[in-house]
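Commentary on secondary and tertiary structure
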There are 6 protein chains.
Amino acid sequence: MRPGTVMLGEPLPNIPWQDRPAGCREVIWRHSENPVIGMHPFPAGWTVYNSSVLPYGEGFIGVFRVDHRCMTPHLHLGRSRDGLRWQIEEEPIHFQSADPDLGGVDFAYDPRLCRIEGRYYVTWCNNYHGPTIGLAWTDDFRSFHQMENAFLPYNRNGVLFPRKIGSRYAMLSRPSGPGAAVAFGDIFYSESPDLCYWGRHRLVLRRGPRKWERVKVGAGPVPIETAEGWLVIYHGVADTCDGFVYSFGAALLDAEQPWRVRYRCSVPLLAPEAPYETTGFVGNVVFPVAALADAATGRLAVYYGCADSVVALAYARADELIEYIKANAE
Amino acid sequence: MRPGTVMLGEPLPNIPWQDRPAGCREVIWRHSENPVIGMHPFPAGWTVYNSSVLPYGEGFIGVFRVDHRCMTPHLHLGRSRDGLRWQIEEEPIHFQSADPDLGGVDFAYDPRLCRIEGRYYVTWCNNYHGPTIGLAWTDDFRSFHQMENAFLPYNRNGVLFPRKIGSRYAMLSRPSGPGAAVAFGDIFYSESPDLCYWGRHRLVLRRGPRKWERVKVGAGPVPIETAEGWLVIYHGVADTCDGFVYSFGAALLDAEQPWRVRYRCSVPLLAPEAPYETTGFVGNVVFPVAALADAATGRLAVYYGCADSVVALAYARADELIEYIKANAE
Amino acid sequence: MRPGTVMLGEPLPNIPWQDRPAGCREVIWRHSENPVIGMHPFPAGWTVYNSSVLPYGEGFIGVFRVDHRCMTPHLHLGRSRDGLRWQIEEEPIHFQSADPDLGGVDFAYDPRLCRIEGRYYVTWCNNYHGPTIGLAWTDDFRSFHQMENAFLPYNRNGVLFPRKIGSRYAMLSRPSGPGAAVAFGDIFYSESPDLCYWGRHRLVLRRGPRKWERVKVGAGPVPIETAEGWLVIYHGVADTCDGFVYSFGAALLDAEQPWRVRYRCSVPLLAPEAPYETTGFVGNVVFPVAALADAATGRLAVYYGCADSVVALAYARADELIEYIKANAE
Amino acid sequence: MRPGTVMLGEPLPNIPWQDRPAGCREVIWRHSENPVIGMHPFPAGWTVYNSSVLPYGEGFIGVFRVDHRCMTPHLHLGRSRDGLRWQIEEEPIHFQSADPDLGGVDFAYDPRLCRIEGRYYVTWCNNYHGPTIGLAWTDDFRSFHQMENAFLPYNRNGVLFPRKIGSRYAMLSRPSGPGAAVAFGDIFYSESPDLCYWGRHRLVLRRGPRKWERVKVGAGPVPIETAEGWLVIYHGVADTCDGFVYSFGAALLDAEQPWRVRYRCSVPLLAPEAPYETTGFVGNVVFPVAALADAATGRLAVYYGCADSVVALAYARADELIEYIKANAE
Amino acid sequence: MRPGTVMLGEPLPNIPWQDRPAGCREVIWRHSENPVIGMHPFPAGWTVYNSSVLPYGEGFIGVFRVDHRCMTPHLHLGRSRDGLRWQIEEEPIHFQSADPDLGGVDFAYDPRLCRIEGRYYVTWCNNYHGPTIGLAWTDDFRSFHQMENAFLPYNRNGVLFPRKIGSRYAMLSRPSGPGAAVAFGDIFYSESPDLCYWGRHRLVLRRGPRKWERVKVGAGPVPIETAEGWLVIYHGVADTCDGFVYSFGAALLDAEQPWRVRYRCSVPLLAPEAPYETTGFVGNVVFPVAALADAATGRLAVYYGCADSVVALAYARADELIEYIKANAE
Amino acid sequence: MRPGTVMLGEPLPNIPWQDRPAGCREVIWRHSENPVIGMHPFPAGWTVYNSSVLPYGEGFIGVFRVDHRCMTPHLHLGRSRDGLRWQIEEEPIHFQSADPDLGGVDFAYDPRLCRIEGRYYVTWCNNYHGPTIGLAWTDDFRSFHQMENAFLPYNRNGVLFPRKIGSRYAMLSRPSGPGAAVAFGDIFYSESPDLCYWGRHRLVLRRGPRKWERVKVGAGPVPIETAEGWLVIYHGVADTCDGFVYSFGAALLDAEQPWRVRYRCSVPLLAPEAPYETTGFVGNVVFPVAALADAATGRLAVYYGCADSVVALAYARADELIEYIKANAE
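Our subject in this report is the structure included herewith.

About the thresholds
- Residues numbered from 1 in each chain as written.
- Chains lettered and ligands numbered in written order.
- Predicted model: local features only at pLDDT ≥ 70, side-chain atom pairs only at ≥ 80, totals over all residues.
- Heavy atoms only, no water.
- Least-squares fit on C-alpha atoms with pLDDT ≥ 70 in both.
- Contact = heavy atoms within 4.5 Å.
- Buried area = accessible area lost by both parts, 1.4 Å probe.
- Salt bridge = Lys/Arg side-chain N within 4 Å of Asp/Glu carboxyl O.
- Polar contact = N/O pair within 3.5 Å; in protein donor to acceptor, adjacent residues only side chain to side chain.
- Helix = DSSP H or I, 4+ residues; strand = E, 2+ residues; numbered from the N terminus.
- Nonpolar A, V, L, I, M, F, W, Y, C, P; charged D, E, K, R; others polar.
- Buried < 20%, exposed > 50% of the residue type's maximum accessible area, 1.4 Å probe, protein only.
- Pairing = 2+ DSSP bridges.
- Phe/Tyr/Trp six-rings, centres within 6.5 Å; stacked < 30°, edge-to-face > 60°.
- Axes fitted to C-alpha atoms, helices over the stretch in contact; angles between N-to-C directions.

**So, the relation of the copies chain B and chain A**
The two copies are related by a screw motion: chain B maps onto chain A through a turn of 180 degrees and a shift of 0.0 Å along the axis, at an RMSD of 0.0 Å. As the rotation angle and translation indicate, the two copies are arranged about a two-fold axis. Taken together, the interface assignments show that 100% of the residues at the interface of chain B recur at the interface of chain A, consistent with an identical surface on both copies.

**Regarding the interface of chain D and chain F**
Many descriptions give the size of an interface as the accessible area lost when the pieces come together. Counting from both sides, the interface comprises 34 residues of chain D and, opposite them, 34 residues of chain F. Buried area between chain D and chain F, both sides added, is near 2700 Å², and the carbon and sulfur share of it is 58%. Counting across the chain D and chain F interface gives 6 salt bridges. A salt bridge links glutamate 148 of chain F to arginine 202 of chain D; its shortest N-O distance comes to 2.8 Å. On inspection of chain D and its partner chain F, the count reaches 13 residue pairs in polar contact (both at pLDDT 80 or more). Looking at the side of chain D that touches chain F, the elements that each hand over two or more residues are strand 12 (169–175), strand 13 (187–192) and strand 14 (199–205) of chain D. Take the side of chain D that touches chain F: its biggest share by element is 5 residues, from strand 14 of chain D. Of the residues belonging to the side of chain D that touches chain F, the class tally is 16 nonpolar, 9 polar and 9 charged.

**Comments concerning the pairing of strand 21 (residues 299–306) of chain A**
Residues and elements named next belong to chain A. Within strand 21, 8 of the 8 residues are buried, leaving the element largely enclosed by the surrounding structure. The alternating pattern of strand 21 places Arg299, Ala301, Tyr303 and Gly305 and Leu300, Val302, Tyr304 and Cys306 on opposite faces, both of which are buried. As consecutive antiparallel partners, strand 20 (residues 286–294) and strand 21 are separated by 4 residues, and within that stretch glycine 298 has a phi angle of approximately 80 degrees, a positive value. Pairing of strand 21 with strand 22 (residues 310–317) involves 8 bridges; the strand directions are antiparallel. What sits directly across from glycine 305, in strand 22, is valine 311. The hairpin turn running from strand 21 into strand 22, its antiparallel successor, is 3 residues long, and alanine 307 in that turn takes a positive phi close to 55 degrees.

**Some remarks on the packing of aromatic side chains**
Under the criterion given, the structure shown has 120 aromatic pairs over all chains. Ring centres 5.5 Å apart and planes at 85 degrees place the aromatic pair tyrosine 56 of chain A and tyrosine 120 of chain A in the edge-to-face group. Residue tyrosine 56 of chain A is found in strand 2 (residues 45–56), and its partner tyrosine 120 of chain A is found in strand 8 (residues 119–127); the two are separated by 64 residues along the sequence. The exposure class assigned to tyrosine 56 of chain A is partly exposed, which follows from its relative accessible area of 24%. Geometrically, the ring pair formed by tyrosine 56 of chain C and phenylalanine 141 of chain C is edge-to-face, given 4.7 Å between the ring centres and 75 degrees between the ring planes. Here phenylalanine 141 of chain C lies in the loop between strand 9 (131–138) and strand 10 (144–146) and tyrosine 56 of chain C lies in strand 2 (residues 45–56), a separation of 85 residues in the sequence.

**Examining unusual backbone geometry**
Asparagine 34 of chain B connects to proline 35 of chain B through a cis peptide bond whose omega is -10 degrees. Residue tyrosine 154 of chain D follows proline 153 of chain D across a cis peptide bond; omega there is 5 degrees. With respect to the helices, strands and loops of the structure, tyrosine 154 of chain D is situated in the loop between strand 10 (144–146) and strand 11 (155–160). Residues other than glycine seldom take positive phi values, yet leucine 195 of chain A does so here, at roughly 65 degrees. Although it is not a glycine, phenylalanine 141 of chain E adopts a positive phi angle of roughly 60 degrees. Judged by its relative accessible area of 2%, phenylalanine 141 of chain E is buried.

**A few points about helix 2 (residues 318–327) of chain F**
All of the buried residues along helix 2 of chain F are Ala318, Asp319, Leu321, Ile322, Tyr324 and Ile325 of chain F. Those residues of helix 2 of chain F hidden inside the fold are in contact with strand 16 (224–226), strand 17 (229–240), strand 18 (243–253), strand 19 (261–264), strand 21 (299–306) and strand 22 (310–317) of chain F.

**Focus on the interface of chain B and chain A**
With 34 residues of chain B at the contact, the number on the chain A side is 34 residues. Taken over both partners, the interface formed by chain B and chain A buries close to 2700 Å², and the fraction arising from carbon and sulfur atoms is 58%. Looking at the side of chain B facing chain A, the largest losses of area belong to Leu152, Tyr197 and His201 of chain B, adding up to 26% of the total buried there. The tally of links between chain B and chain A comes to 6 salt bridges. Between aspartate 99 of chain B and arginine 202 of chain A there is a salt bridge, with its nearest N and O atoms 2.9 Å apart. Contributing elements (two or more residues each) for the side of chain B that touches chain A: strand 12 (169–175), strand 13 (187–192) and strand 14 (199–205) of chain B. Broken down by element, the side of chain B that touches chain A gets its largest block of residues, 5 residues, from strand 14 of chain B. Residues of the side of chain B that touches chain A, tallied by class, amount to 16 nonpolar, 9 polar and 9 charged.

**With respect to the sheet that holds strand 20 (residues 286–294) of chain F**
Residues and elements named next belong to chain F. Pairing within the open sheet is antiparallel, and its 4 strands lie in the order 1-22-21-20. Each edge of the sheet is formed by a strand with only one pairing partner; in this case those strands are strand 1 (28–30) and strand 20. Pairs of neighbouring strands in the sheet enclose a mean axial angle of 30 degrees, with direction left out of account. In this sheet, strand 21 lies alongside strand 20 in antiparallel orientation, the contact comprising 8 bridges. Looking at strand 21, one finds that proline 288 is bridged to tyrosine 304. Strands in contact with helix 2 are strand 1, strand 21 and strand 22; relative to strand 22, the strand with the most contacts, it is inclined by about 85 degrees.

Interpretation note: all reported values are geometric properties and have no functional meaning in isolation.
Right under this line is the structure:
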């Protein structure tokens, strides 16, 4: 597999990037100046993490989870030239909605940003009488149009596919329960003809059996299409007598039937180890949410939340990553 | 309101019926020979409860929850001339399905039977990697065709409306969590253009605030269309230091926007009191699942499960019931 | 000890009474026509239990816990000629209060009625941002004057002594936690110079160690003064894998230092066994709340709630009861 | 299989017995005058249940669980001519022990009585810093000699085999956790050369997968040797939102390697249905503890505790029971 | 508002103080050499935190929570010239008490020190059959006189007002439940004519609704009287899947009716961020307990416990703080 | 007590050692270059901790708990010249077993290594239908022979004595429950004539009463025989609202009746304080597992797991340690 042919997407020559450090044998390695976005992104913001970015114009654009000083999460827009230094707007994103009753203002968190057929979509954990998947579109990152919530509560980590599967939109999500520290969750796949009505639900990845992901699993970045199917980076959660530990997992899903798992990596790609990952508002969390990909070279840059406090960056090469998943598949 | 005009449906002259006993002041009263279906409906069946019936041909037809001797629930077809004496088939219903992976055989329970535009639909609590709403249709009660599960887990008590709302099918359901004794649940409304993809989810009835329904609420019989909107009989659950208590609740929903509650009765219509309701496999449960309605006279016959053991019957007059709901609305 | 001298109070010749049935060897025996007050005391009332009575005028008066049809508890006044047949008012007691913010209307339950120096006091479980001890006085059972809540939440089963101890009013109560099924609670003693400010808190009876009272204990009727100290009948609670079991316990407290236990009966006086005790809204509950005493003869009539559904009556002779407590003390 | 040859033991012509009632199709049927031992077996005893009997002399002897009035369980000896009418001694059994620190006096419950090579052994749930398996022997039912506890806590339902397996004593038990309502437990097998040291532990029956036994399983009567291996009647426990339900299960174990299951019956033989089984101190419990067997005729009489309150009796024929187990094996 | 007039108390020219660091925009800022008291204050002491100080003589005096090596908390006296370097006595404070049964020796923690009308009072979490509010007075910090416990269990964080309200002493406290990690608690106000009997309980601050204080809230330093009412700094607690997070909250209460909240700051003043706050025996805890105030200049020095391990100091200006509370009030 | 005579074992001149640092007053002190084994002991290994070592040949040998990248624990052999720098084999230890069904491959953790009469034994937490004590022997650290599991589940922290007690092998263990974060556990003693059958179980150390060990206690290194009895270093666990805290405890047991505690130190010897102890996969854990002893000089080197991530070393002198235990005994 040649690096430049493994991913089916577009080139992204200005992807943030650092080569693997000398001596490092990991398949994924941390940015040397992590975290790339620290606490207090602006005076009213307390923490910033679990955020999503895309290439846009000359640079990059992102939707950020900013927990305000009252520790309530909101979605904020951010822009960057280089993907490393970000300007995050102090006003939360305002969603226009035909129905003001759909939630979206308070307790909006863990956004994903996905481009499908030229339009941009935000999915997030929305609070509509319980957590569920909020959905909005924008063409210009100025006006955001809130659509119907995709599912009934209780659901989190809704992640769209960047193209239709067959003739339908597709989404991964993680049904679960209410509450701050739910202790179960599997990844399901659903389809929609119109992004309004959803069905044909299929289980994709069940939690476990290994300890690092035996509590719950949830989708992370928008799936990346490769010659080996959809590359999915997700979070897996272990339980300890000092709380949960969140790590990166990875799998390859069938290109046209993404509910079929081709390879599932039995080990985490990255687990909390750096101080900004083990310590913070919620220690021992690395939570992948977005990936930039340069199809021309196979380079990947993964943005991930650390300790529910800051945003960090890690790098990988798609060809190596796919080999690693296959080599470590069960 | 004249009794014979309150309900918008069809006459049902052979509805099972007993007049209100002398001295009874309740808005709903029990059949004098309850339970109408006792334990051990056939040798391999242990209990029979939480079951649904409709007029069919000269008599009645029903889909029954029968917990087999291993206490695993299955769906069984039953037939009756008079709605009181039932022949329940010993073989569980076999659902034909394009996708054998949708669940439906084991742990299928709490069925509802609904006729829409001449076709019969069964909804039930299906086990697809968690409880969710199974859906099947039949035209002849011989072959049953399983469709896609309506929602992602975890969901129970899916109940179809007997006609489209606007141009779409409509369903009530109760999202919740996994496990045998979930302690929360509200009633939501969802729509579908085709019974495959579902969306436009709206909260209808939240649990509480009064004790009798402060733990959870879930839809019961198929909604009954009346001059005052949809008459919905549901179950409300109280918590005590000796387990849960299930009672009958009732509300009137807007005819064209059923997620809008016109009147919600602040008191239960019926709560466990008879010995076959307070004692059994799960004591203190009355669980309404089906209602026969004679639009010509306003008579209602409600089938309900008792103590997770047997099936009982209660009677009401639609006009009185509607008045009662309005008089006791908050 | 002669029966007619053991109790220090007044004669009550018209006390409800039945002699011990032939063959019965129990120290306390049930009224033959139990329950004396059944469910549905009036149309809007669902259950009636855990209620308190006193002699008044020619007959008796009582404050009753009536759970309305919505299962929310309220306090109602009742009157009786013979202590067996009761007229319960359909309107809840209205408490006049200088401060409308003290609670008392909704979720008022488990009342005790106590006469001190000619005035009548009601204590009950009041809902003031959590359960606590409500307090009111009346001279005529027409106007009730709500006083300050005695304690901070979370507290239940507040029971006044019928005379001052030293120069101060005294109360037993059971501090615990919020919620419907708290699993701990001990009986404490507190004093007040004025029924407004309370202090000098002392532990009286800790739960356990025997199974029948190892979960929690709470005071029952107003203490009865005897030649052997205060006779206290209380409830003790066991835990089983089918919920809690409430029984009658008894102890004798020092006359002037009631926080000192002279004798504590190691066995329950009465435990759920009759059908109206084992089955109902909350099965396996006998909950003593009031005792009538005829000092002239030593006869005692104890009113107790059964299964959170009805009111029953049991009889004992004070001299025998005291002997029994002493004989079974640890 | 001829009835008189299926069991390998001795004849017991005076076994308590009633033929199957006309119309009954069950493999096991209840004694017509159940319960055979009611509450209050003597004045200081509250309930009597979960007890074990054997033929002895002209009649029968038994070790009974009697919960005293304080609801603390103790072991008591009882004697009967006919196995139906029992004289239970008011004094608990006194165990002589070389080490007074082994427990045995308080909180001793659920005894089994087993005869091995002419000597009688009692096993029970003993309280030694947690529940574990107490063990004692007697030759005359006058002096009882307490031996070492078989296992470390936390363990219950220890049941000896009536002969050595290979050259070693053998026991079934159910390791679990502390507390009154443990929610898990599987049946294990252990061996001992001398009834003092135990090892070679093997899993025999895991809980589940069917609902009636998905919470826990525990051995019941002493295994009965048959031509088809060891007949084991055990209890299986289901969870409901109104507490646990205990039923009878059955399996056939290999004669010489009893940790190997030959047949496991997928359905319960008997589940709570009679009023004395569904209602009581702990409702919905049938708990088999002892079986008398007449090898000459294949008759079986099973003693079982009901609702943690009383002792009842059920009958079966060994040949039919074995056929039933095999027919219903998975 | 001029800084020197906002507080109504006395000047304290020797208050520990550091000006706000350049570039800092926070309303409250950390001492540059935090923690001011580290672990192991003396050989038998393990941690020191959640402690209270007052001006005394030429310098300062304090009552310190020292968890001994066995991790059991005790109260110790400490003295300092400058409020930064402390001499903590190795012997715990000995409380003289008329009743030796009131608790106070073991498991005494989270003390507050308050001067009222020239006398010094210590309140603390005392263990009297459950946590409750201990109370003692001293005139010389040599002999300490233990008074009656203020309330029944279960209560913590009792904080006296520094003057009578009306004619009565006043205290804030936080009723809750037993156990090490209670998950609820609101701040109540109570009054006493004599510091022995307490009543007139009023809710002041309920937990939530924002995440940072949605689990529980509890009073911190002795309220500070200002021109805008009582300045109350308290702790608010958030729940995460890695345990609780404790932050500083603030409110202004009415001067004469302190149960009326004039302004409540919707955001925390300070949350765990420094390493000595995020890591330690109990990570992510900042717990304010005492505040020194210089009325002449408006300077405030707040002592707070960090991670249940050490004592730190933060500074603020009263006028800025009051403006901040008002600007961020809901 | 002269240092060189306090321990009854053999000299170990090459024991890893550092003298107590100047100014340190602790009875046990940390190695200056801790951790001695860091994370990622080899590419497939994630963490290494809770491991056991012994002198062997010219140097040292050890059995290490290595959690692989999937966070599943395995046992690995390691060798070292100096006890500080270790070569850990990448392949897990392969246990030969007559019965392949005894567990031992997956989820094997917390090994102890013990030499008895010239043969080496490994005990560990084995997964046989629940955690229990696995046991194996080796003479050459090349072939390992798995024996029967010592006990029924659920058990952990099985630690052999290095010689027979009386004529029998002896083991400490900690019965408990299933699950990742069990919240109870006491240390028991058991004996075996042959390392196959175990009995004569006795309680040794119960958890509590002091906070540092009030949740659970479990044996650590193989007991060290001294002139004052068996020196046992164990772990004690405290509960906080941020998870558990594990510390070192110590006791002296009777030489011939080790279930009798001669002295129990009321304070922990060492508690989490260094960064590698407070932060990691499971913060705030110090878990002692092995001790090297030089009987000639009284030097002790204790290996302990830190934060479930790495291995550290601490030093003590046996004579001082014994004096400390006695001085701090209750």
